Amino acid sequence: ATVRVDCRDGGHSISDRLVGAFFEDINFGADGGFSAEQVINRSLEISRPLVGWMKIGADVSMTAENESPIKAANPTFLRLATESESPTGGVENRGFRGMGVRDGETYRFTAQGRSTAGAKMKLAVRLVAENDEVLAEQFVTLGGSAWHTTEVDLVPKRTESKARLQLLLRSKGIVDLDLISLCTTDTWMGRPHGLRKDLVQLLADMKPAFFRFPGGCIVEGSQLKYRYQWKTTIGPRDERRLIVNRWNNEFAHRPTPDYYQSFEIGFFEYFQLAEDLGAEPMPIINCGMACQFNSGELVPLEELEPYIQDALDLIEFANGPIESEWGSRRAAMGHPEPFGMRLLGVGNEQWGPEYFERYRRFAEVLQSRYPDVELISTSGPFPAGERFDFAWPLLRNLKVPIVDEHCYATPDWFMREATRYDHYDRKGPRIFMGEYASQSVQLVCPQNRNTLRCALAEAAFLTGIERNGDIVDMSAYAPLMAHEEAWQWRPNLLWFDNLTSYGSPSYYTQLLFSHHHGDQTRPTTVTDTRPSRQPRGRIGVGSTDASVEYKGIKFESGGDVLFDQRDIKDDDVLKVGIGSRWNVTPEVTRQTSRGGYTRAMMGDYRWSDGTLTLQARKVAGRGGL
Ligand code: AHR
């Protein structure tokens, strides 16, 4: 092959924010991940059952109470009581799959407490290892019936990844405890109650151009009442309202029943992190729709106003002067300067007319009030095949500035789609490939691994993103990270346990393109005299893990199955398999000579005179055809 590059003239400039990061609280990414807090359910608000807390010993009782709490917003607290003159029992917290503690490091225990009847109550605060060895012990005394703060530092005598925190009564009487915390003092930027240093460092090393948060499906929630509401995630931590995590459900690879969002890390902390990283903040807001893979609950159009108001207030929170209502909240949290937010996503991964109508209403208000904030619309779920093609004319009509595509598919798909953007309309919206990752087996499959082949396929795909850096504005791998013992989805870019963390091969692909992408393309021609190996047929089956079988040969791909039409004879039978767990409607898409698509419900088709004939067959199991 001969490659000719015109080094003098032509080409186009490449976006300077091509590679960024997408964070979602999935796989214990926030609580038990980014957050350095070690105590699970520290506010005791997951009280039926009392998640994470276990009674120790027979001489102490443990109950969850809510009479005269610290604040109405945080109603439940823990009560320990004993009749014994010299008690030994108490309670322990197991943390997020154990607590990782390091030899010689300082872990600060804090809690709100009171002793009923005003007696002075002594409490032993201990860190114990998995084998029950005591790693550190200190004592605190709670005196008085008014809630007050108690604090003590623990320094473990050795490193342990599965430590537990024990609180043991050492006096007779009753003690109430709430907002119980154990946190290293060695956090990212040394902020009290801050973020886990090693994880932020891995992210910072990527030099992401932007930081998208807080998700992902958690923006939408399984039902609207569980959607992400940024206003309940800022301000004092004891006023942040805990909710069940969207990934604590049957849609996860591995449901995690103790998965909640405490909002230890809320919108203020996300904006602050983006600033630390030198990345543009990109919040995503709920657009009045719950996750369409769950309930798909909709806010009636005439009741959308509070959702739009939330978006307006968010812009004021991020950028407004300190005299403004929401700017003053930001200032009160310690950041009088604006965060300089210029990007805002409306909805996560929504599709259908119900989304476009809602996007339109958001855009009308937001673009007239804040023309400098660029809006990002979604284009529906993966694969960015058929559904996206249908959405495109609408997106263009709506004059959407940036469209967020999501693609989870096989390595083959990513390699092939390296040319994906070569023919995108340069006059249409710019692209944000907002979530993508090569799946080693298939989408939503616990067997998926972070293989080298996946990382290479993503690199191939990124060459296409870079080459089309005039129309592709931004891109981000997803999900960002996962706890080794508490994931719901894989593969992921980073992996961690309670003490350590590392980047997957895909992480190094991201580093490569983030650090070294060009700023300008040059006209290039490649002359290849070898016979074309390009597949020429295409069957879109509306699923990311489809396959077509023909005479024992299986063509596997993400979404669209490509094969060489020349191999297929009239009236041959193709078996189409859809291995997806998503409830997709089986459809056949045929690329026409004009480059458009025709669609038909799955049935019998024939291949004759250039027309595809395909007979659908039921494939055993997993909802195939
Ligand atoms: O990244 C995991 C999930 O994939 C995201 O929450 C969602 O946007 C997509 O379906």
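Residues numbered from 1 in each chain as written. Predicted model: local features only at pLDDT ≥ 70, side-chain atom pairs only at ≥ 80, totals over all residues.

1. Digging into the overall build of the chain
Helix and strand counts for the chain come out as 11 helices and 33 strands. Counting contacts in the chain only where the partners sit at least 6 residues apart, residues at least 24 apart contribute 74% of the total. (Helix = DSSP H or I, 4+ residues; strand = E, 2+ residues; numbered from the N terminus. Contact = placed C-beta atoms within 7 Å.)

2. A few points about the site of the ligand
Taken together, Glu-24, Ile-26, Gly-215, Gly-216, Cys-217, Asn-348, Glu-349, His-406, Glu-435, Ala-478, Pro-479 and Trp-489 make up all the residues around the ligand. In terms of residue class, the shell around the ligand is built from five nonpolar, four polar and three charged. (Near = placed C-beta within 6 Å. Nonpolar A, V, L, I, M, F, W, Y, C, P; charged D, E, K, R; others polar.)

3. Considerations on the pairing of strand E10 (residues 134-143)
Bridging between strand E9 (residues 120-128) and E10 involves nine bridges; their strand directions are antiparallel. Paired with Met-121 across the two strands is Leu-142, which belongs to E10. Adjacent in sequence and paired antiparallel, E9 and E10 are bridged by five residues, among which Asp-132 carries a positive phi angle near 75 degrees. (Pairing = 2+ DSSP bridges.)

4. Focus on the nonpolar core
Ala-21, Leu-127, Phe-211 and Leu-494 are the most contacted members of the largest nonpolar core, which has 140 residues in total. Each of domain 1 (21-33 + 190-525) and domain 2 (38-184) gives at least three residues to this core. Once residues lying within four places of it in the same chain are set aside, the contact partners of Ala-21 are Leu-203, Met-206, Pro-208, Phe-211, Ala-279, Ala-476 and Leu-480. (Core = buried A, V, L, I, M, F, W, Y, C linked by C-beta atoms within 7 Å. Buried ≥ 20, exposed ≤ 12 C-beta atoms within 10 Å, placed from the backbone. Domains from an automatic or database assignment.)

5. Observations concerning the pairing of strand E21 (residues 430-438)
Among the nine residues that make up E21, eight are buried, leaving the element largely enclosed by the rest of the structure. Across eight bridges, the pairing between strand E20 (residues 402-409) and E21 is parallel. Pairing of Ile-402 across the sheet is with Arg-430, part of E21. Two elements, E21 and strand E22 (residues 472-477), share four bridges in a ladder whose sense is parallel. Looking across to E22, one finds that Ile-431 is bridged to Val-472. Handedness of the crossover joining E21 and E22 through helix H10 (residues 452-467) is recorded here as right-handed. (Right-handed = clockwise from strand over helix to strand, strands pointing away.)

6. Focus on the domain arrangement of the chain
Per the domain assignment, the segments making up the chain are domain 1 (21-33 + 190-525), domain 2 (38-184) and domain 3 (537-601). Computed over C-alpha atoms only, the centres of domain 1 and domain 2 are separated by 36 Å. Facing 17 residues of domain 1, the contacting portion of domain 2 comprises 19 residues. Among the residues forming the side of domain 1 that touches domain 2, the class breakdown is five nonpolar, five polar and seven charged.

7. A short note on the packing of H10 against helix H11 (residues 505-516)
Closest axis-to-axis distance for the H10/H11 pair is 8 Å, and the angle between their directions is 25 degrees. If you check the angle between H10 and H11, you find them roughly parallel. In this structure, the crossing between H10 and H11 has a hand that is right-handed. Every residue of H11 that contacts H10 at Leu-452, Cys-454, Ala-455, Glu-458, Ala-459, Leu-462 and Glu-466 is listed here: Pro-505, Ser-506, Tyr-508, Thr-509, Leu-512 and Phe-513. (Axes fitted to C-alpha atoms, helices over the stretch in contact; angles between N-to-C directions. Parallel < 35°, antiparallel > 145°, perpendicular 65-115°, else oblique. Left-handed = near helix turned anticlockwise from the far one by under 90°.)

8. Some words on helix H7 (residues 353-369)
With 17 residues, H7 extends 25 Å from end C-alpha to end C-alpha; this agrees with the ideal 24 Å at 1.5 Å per step. If you check which residues of H7 are buried, you get Tyr-355, Arg-358, Tyr-359, Phe-362 and Leu-366. Buried-residue contacts for H7 involve helix H5 (305-319), strand E18 (343-346) and strand E19 (374-378). (Expected span 1.5 Å × (residues − 1).)

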